[in-house]
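Listed here are the chains, written in short residue letters.
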Amino acid sequence: MRAARLHPGRPRAVRVDEVPDPRPPAGAELLVRVAASSVNGTDLGLVRGSVPLAVLGRGPLVLGFDVAGVVEACGPAVTGFEPGDAVIALLGHGGGGQAERVLLPQSRAALAPSSVGPVPAAALPLAGLTALQALRERAGLHAR
């Protein structure tokens, strides 16, 4: 499969590489075919060098921390999703969203809103979390 990977060095380079497909999902994992992935501040910081690659591990690193896509396969312990479900997900610190497929825990995924296409949906996870944190932590707003 293809993936956009950041290669360390001076200057850092982003290249589309052929990489192995993810292994089949185990436990509560989902295998998602990625339809779209956003580019956010962490991706840009990594490319620019203001976020050291050492923070996230050694390169090359598959960029992308949030995705929209379709569940292809579920691990045996998955309870909230089934193949064919449209999902959005906020990936962990390892990135991996700018690839054709990504393996992730079901706890990091949510059903995608049906009224939004995959491109805008891919921008929801991290931006939504940032907005929620700002409302709670900075503005002091809490649900009742």
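Quantities reported herein were computed from a predicted structural model and do not represent experimental measurements.

Criteria and thresholds
- Residues numbered from 1 in each chain as written.
- Predicted model: local features only at pLDDT ≥ 70, side-chain atom pairs only at ≥ 80, totals over all residues.
- Heavy atoms only, no water.
- Pairing = 2+ DSSP bridges.
- Helix = DSSP H or I, 4+ residues; strand = E, 2+ residues; numbered from the N terminus.
- Core = buried A, V, L, I, M, F, W, Y, C linked by side-chain atoms within 4.5 Å.
- Buried < 20%, exposed > 50% of the residue type's maximum accessible area, 1.4 Å probe, protein only.
- Contact = heavy atoms within 4.5 Å.
- pLDDT = per-residue confidence, 0-100.
- Axes fitted to C-alpha atoms, helices over the stretch in contact; angles between N-to-C directions.

What follows deals with the sheet that holds strand E1 (residues 2-7). Two strands in a sheet stick together by hydrogen bonds in their backbones, pointing the same way (parallel) or opposite ways (antiparallel). The three strands lie next to each other as E2-E1-E4, forming an open sheet whose pairing is antiparallel. Every interior strand has two partners, whereas the edge strands, strand E2 (13-18) and strand E4 (61-62), have only one. As judged from the two bridges shared by E1 and E4, these two strands associate in the antiparallel manner. Bridged to Leu 6 within E4 is Leu 61.

Membership of the largest hydrophobic core comes to 13 residues, with the highest contact counts inside it found for Leu 30, Val 32, Phe 81, Val 102 and Leu 104. Of all the elements in the fold, those that place two or more residues in this core are strand E3 (29-37), strand E5 (66-74), strand E6 (86-90) and strand E7 (101-105). In contact with Leu 104, not counting residues within four places along its chain, are Ala 28, Glu 29, Leu 30, Val 32, Ala 89, Leu 91 and Ala 109.

Below, the discussion takes up the confidence of the model for the protein. Per-residue confidence for the protein averages 90 on the pLDDT scale, and 94% of its residues sit at or above 70. For the protein, the element scoring lowest by mean pLDDT is helix H1 (residues 41-48), at 84; E3 scores highest, at 98.

Bringing the sheet that holds E7 into the picture now. Strand order in the open sheet made by the five strands is E7-E3-E5-E6-E8, with antiparallel pairing throughout. Looking along the sheet, the strands with just one partner apiece sit at the ends: E7 and strand E8 (109-111). Along the sheet, successive strands turn relative to each other by an average axial angle of 45°, direction set aside. Here E3 pairs with E7 via five bridges, running antiparallel. Residue pairing for E7: Leu 30 is matched across the bridge by Leu 104. On top of the sheet, helix H3 (residues 124-138) reaches E5 and E6; it is set at about 55° to E6, its chief contact.

Pairing analysis gives seven bridges linking E3 to E5, with the strands arranged antiparallel. Counterpart to Leu 30 in the pairing with E5 is Cys 74. Sheet topology places E5 next to E6; five bridges connect them, and they run antiparallel. Considered in E6, the bridge of Val 67 is made with Ala 89.

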